[in-house]
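Report on the structure
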Amino acid sequence: MQQLLEILTLYALPVIFALTIPEAAQAMVADYLGDRSARANGRLTLNPTPHIDPIGTIALPLGMIALTTMSGGAVPPLLLGWAKPLPIDYGQLRNPKWAMRWLAAAIPAANLAMALFWAILLKLALLNPESYFAEPLRKMAEIGVVMNVAFGILMLIPILPFPGGRIVFSLLPDKQAFTYAKHEPYGNWIVLALFFSGILKTILGPLIGIVVGLIAVVLNLA
């Protein structure tokens with residue numbers, strides 16, 4: 001039980017921030033582009049609390065970590081989770097289809113920024129190994145890097161309603177975009193099927209490893 005609590009403690013902040021900070025980034029982009037809905041709903045903040053969905057941000061991902069740990073397995077880089085959906089009024093946006101592209105891109109971009117932030121913390125922990133906090137910080141930072149890279153790459157899947165699908169939609173001519181959008185009601189089910197079948201891990205696992213490796217090389221973490 002003590003080991004489980006230690007693991008959950010190490011994962012809690014990286015997972016929560018990996019899911020909520022991208023929502024804050026998207027809120028800031030929406031506000032900049034003319035939609036004040038996030039501001040009116042108290043979502044224009046880096047404070048994770050307004051962005052937390054009790055099930056998607058806490059119960060599900062941490063529950064998956066707990067179940068994996070209790071079964072003796074290693075926690076996978078890909079977890080299921082989500083933050084509270086951001087209210088967006090596309091009618092207030094300047095050029096809504098163009099704006100959609102940047103709103104969608106804000107999410108994986110924020111995950112990449114968070115991965116770099118955790119990588120810098122990891123670097124600091126490695127540079128100060130004698131510090132009392134060095135070891136727990138190292139472990140948490142490693143988790144933060146991997147989780148943010150994993151969520152960022154997952155968000156780029158070109159399936160609606162994922163941000164990658166939104167980006168594809170915004171780049172297509174109107175007629176093709178309308179046809180492409182017809183699969184959106186089934187998008188989440190498609191991704192769930194890919195997740196539980198292991199196909200998603202097979203496809204995204206190498207990409208996650210490559211990006212994490214590049215970050216390690218850039219910051220000399222090896």
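For the structure itself, consult the block above.
This text gives an overview of the structure that appears in the document. (Residues numbered from 1 in each chain as written. Predicted model: local features only at pLDDT ≥ 70, side-chain atom pairs only at ≥ 80, totals over all residues. Heavy atoms only, no water.)

**Here we look at the nonpolar core**
Ranked by internal contacts, the top residues of the largest apolar core, which has 43 residues, are Y11, I65, L78, L79, L154, L200 and L204. Of all elements in the fold, only α1 (2-32), α3 (54-70), α4 (96-127), α5 (134-155), α8 (184-197) and α9 (199-218) reach the threshold of two or more residues within this core. Of all the elements, α5 adds the most residues to this core, at 11 residues. Excluding its chain neighbours within four sequence positions, the residues that come into contact with L204 are L78, I153, L154 and I157. (Core = buried A, V, L, I, M, F, W, Y, C linked by side-chain atoms within 4.5 Å. Buried < 20%, exposed > 50% of the residue type's maximum accessible area, 1.4 Å probe, protein only. Helix = DSSP H or I, 4+ residues; strand = E, 2+ residues; numbered from the N terminus. Contact = heavy atoms within 4.5 Å.)

**Here we look at the pattern of salt bridges**
Per the counting criterion, the structure on display carries 7 salt bridges. Between R36 and D31 there is a salt bridge, with its nearest N and O atoms 3.8 Å apart. A relative accessible area of 41% places R36 in the partly exposed class. By relative accessible area, which is 10% here, D31 ends up buried. In this structure, R39 and D31 form a salt bridge, with 2.7 Å as the shortest nitrogen-oxygen distance. When salt bridges that share partners are traced, they join D31, R36 and R39 into one network. (Salt bridge = Lys/Arg side-chain N within 4 Å of Asp/Glu carboxyl O.)

**A closer look at α1**
Residue pairs spaced three or four apart in an α-helix point in one direction, given the helix's 3.6 residues per turn. The end-to-end C-alpha separation of α1 is 46 Å, in line with the 45 Å expected for 31 residues at 1.5 Å each. Taking the largest bend as the criterion, α1 deviates by roughly 35°, centred on Y11, and proline P14 comes between one and four positions later. Once α1 ends, the next one or two residues include G34, with phi positive near 115°. (Expected span 1.5 Å × (residues − 1). Bend = angle between axes of the 7 residues up to and from the residue.)

**Focus on the packing of α1 against α3**
α3 packs onto α1 with a crossing angle of 145° between their chain directions and a minimal axis gap of 10 Å. Both α1 and α3 take part in a crossing whose hand is right-handed. Between α1, through L4, I7, L8, Y11, A12, V15, I16, L19 and T20, and α3, the contact on the second element is made entirely by G56, T57, I58, P61, L62, I65, A66, T69 and M70. When its residues are assigned to classes, the contact of α1 with α3 shows 14 nonpolar, 4 polar and no charged. (Axes fitted to C-alpha atoms, helices over the stretch in contact; angles between N-to-C directions. Left-handed = near helix turned anticlockwise from the far one by under 90°. Nonpolar A, V, L, I, M, F, W, Y, C, P; charged D, E, K, R; others polar.)

**Let's talk about unusual backbone geometry**
Residues apart from glycine generally show negative phi values, whereas peptide bonds are mostly found in trans. A cis amide bond, omega 10°, links L160 with the succeeding residue P161. Along the chain, the position of P161 falls in the loop between α5 and α6 (163-171). The phi angle at N95 is positive, at roughly 55°, despite the residue not being glycine. Of note, N95 is situated in the loop between α3 and α4. In this structure, N220 takes a positive phi of about 55° despite not being glycine. Locating N220 in the fold gives a position in the segment after α9.

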